[in-house]
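Residue strings, one per chain:
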Amino acid sequence: MTTVLPGIAIIGGGPAGLTLLLTLHRRGIPATVYERESGFSSRAHLGGTLDLGWDSGQRALRENGLEDEFKKFSRPEGDEFKMCDGAGNVLLAKRAEENADKDPRDLRPEIDRSKLRKILLDAVPADAVKWGHGLSSIRSLGGGKHELTFTNGTTVVSDLVVGAEGGHSRVRPLVSPATPIYHGVTGSEISISPDVAARPDMKDIVKLVGDGSLYMSEGGKIMAFQRNGDGRIRAYAWFCGPEEWKTPSEPGEARAALVEQFKGWAPWTRKFIESCDDAAIYHRPLYYLPVGHRWEHVAGVTLIGDAAHLVSPFGGAGANIAMLDGLELGLVLAGCIVGGGEAEEREAAVAAWEEKMFVSAGKAAAVCMENITTFTSSAQTPDQAVEKAKEFILNPAARREA
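**Let's talk about the overall build of the protein**
Phase 1 of the analysis: Secondary structure assignment for the protein yields 13 helices and 19 strands.
Phase 2 of the analysis: In terms of C-alpha radius of gyration, the protein reaches 21 Å, essentially the compact-globule figure of 21 Å for 402 residues.
Phase 3 of the analysis: Along the three orthogonal principal directions, the C-alpha set of the protein runs to about 70 × 50 × 40 Å.
Phase 4 of the analysis: In the protein, which comprises 402 residues, the proportion classed as buried is 53%.
Phase 5 of the analysis: Long-range pairs, those at least 24 residues apart, make up 72% of the contacts in the protein between residues at least 6 apart in sequence.
Phase 6 of the analysis: Carbon and sulfur atoms provide 52% of the accessible area of the protein, an area that totals close to 17200 Å².
Phase 7 of the analysis: For the protein, the separation between the mean place of its 45 positive charges and that of its 54 negative charges on side chains is 2 Å.

Below, the structure written as structure tokens:
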């Protein structure tokens, strides 16, 4: 008897969507990712570096045969961390040399987001990713089937639609009325190019950031720096403010606005801001979905990654739990489909996976909420920030997960 394979449409080609596609492909189940970007290179310059946990992001790669590729492109030396106050005094440090004798499961190597995406794309059939397909509408046809219409005029019918297109998902309204909530924290992403980072006058910044990350926190303001694989140093400058605040589009004005926000901080922070790349200044307000976000299962549709549980970056959880979603949903679907399960069994399996995901994602979301509340409180002291950071850095179980 021939098994009729369901049509699976994955909306969004980020870590969650591509991990799901890969997990299905490796187990003989066809699926298609629909991505609104025009191609890999259209946003390859965006996104910082990700630290992947052993039981989450790394597990998703291991179980799909990409452990060696991850080792090839990741940077174990990037698993180092410093925390400073606004004056630049180092209050806490985890240095790369301390990793030498650690259990590999307790390490979180860094990998550039663009490198990770390339690894995932290279491991799936090229025609399984449809570029230039932004979802414009979706409607139920009954019986779990949905018709998807894309901005380029293409229309497809799917047996299962997986929303993996981020916090502003167009699939989410099919299962939940939840919309992203503003954290009350806004700011900008800036960076200095590899050429600028190599200048003699930047040696102090390069030394402080090291090969990993540097977090400065005081009075509810944060500057988070990270070294990318190509030598670029990226920074996120966040502070509490109204949602209406926007990063000025003119580079000089953007720099002036950030200099004003971080006035009185270590002099080198001003040097970094004033030396940042004109072409790499981005507005970065922070949003989240309600902690514990959940929904009643809807036939033929589900969500993974930020579409299901958007969180702040204050926990290193986003990409990790997104990839874990993709892996675990893929394993559930493959097991059901390969086993000859009918549509009803598939829906029951997806519903059971959703319930499990709600619990694990809810725990991660609660940690991220607690962290951002601590770090952005105007009453926050450097000592409080250090104690909160220790909860993660000195907790092997937390580091292995999200």
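**Comments concerning the packing of helix H1 (residues 15–26) against helix H4 (residues 113–122)**
Phase 1 of the analysis: Interhelical geometry of H1 versus H4 gives an angle of 25° and a closest axis separation of 10 Å. In terms of their interaxial angle, H1 and H4 are classed as roughly parallel. Seen along the crossing, H1 lies across H4 with a hand that is left-handed. Along the contact surface, H1 presents Pro15, Leu18, Thr19 and Leu22, while H4 presents Arg113, Arg117, Leu120 and Leu121.
Phase 2 of the analysis: Grouping the constituent residues of the contact of H1 with H4 by class yields five nonpolar, one polar and two charged.

**Examining the packing of aromatic side chains**
Phase 1 of the analysis: Evaluation of the coordinates by the stated rule reveals twelve aromatic pairs.
Phase 2 of the analysis: Pairing Phe262 with Trp265 gives two aromatic rings, centres 5.0 Å apart and planes at 85°, and the pair type is edge-to-face. Each member of the pair Phe262 and Trp265 is classed as buried.
Phase 3 of the analysis: Ring geometry for Trp295 against Phe358: centres 4.8 Å apart, planes inclined by 80°, an arrangement best described as edge-to-face. With Trp295 in the loop between strand E18 (287–288) and strand E19 (301–303) and Phe358 in helix H11 (residues 343–375), this residue pair connects regions lying 63 residues apart in the sequence.
Phase 4 of the analysis: Overall, the relative accessible area of 5% leaves Trp295 in the buried class.
Phase 5 of the analysis: Counting every residue linked through ring pairs, the aromatic cluster contains Tyr236, Trp238, Phe314 and Phe375.
Phase 6 of the analysis: In this structure, Arg62 packs its charged tip against the face of Trp54, placed 3.9 Å from the ring centre.
Phase 7 of the analysis: Between the NZ or CZ atom of Lys221 and the centre of the ring of Phe262, over which it lies, the distance is 5.8 Å.

What counts, and at which threshold
Residues numbered from 1 in each chain as written. Predicted model: local features only at pLDDT ≥ 70, side-chain atom pairs only at ≥ 80, totals over all residues. Heavy atoms only, no water. Helix = DSSP H or I, 4+ residues; strand = E, 2+ residues; numbered from the N terminus. Rg over C-alpha atoms; globule rule 2.2 N^0.38 Å. Buried < 20%, exposed > 50% of the residue type's maximum accessible area, 1.4 Å probe, protein only. Contact = heavy atoms within 4.5 Å. Areas by Shrake-Rupley, 256 points an atom, 1.4 Å probe, with all protein chains shown as cover. Lys, Arg positive; Asp, Glu negative; His and termini not counted. Charge placed at Lys NZ, Arg CZ, Asp CG, Glu CD. Axes fitted to C-alpha atoms, helices over the stretch in contact; angles between N-to-C directions. Parallel < 35°, antiparallel > 145°, perpendicular 65-115°, else oblique. Left-handed = near helix turned anticlockwise from the far one by under 90°. Nonpolar A, V, L, I, M, F, W, Y, C, P; charged D, E, K, R; others polar. Phe/Tyr/Trp six-rings, centres within 6.5 Å; stacked < 30°, edge-to-face > 60°. Lys NZ or Arg CZ within 6 Å of the ring centre and 35° of its normal.

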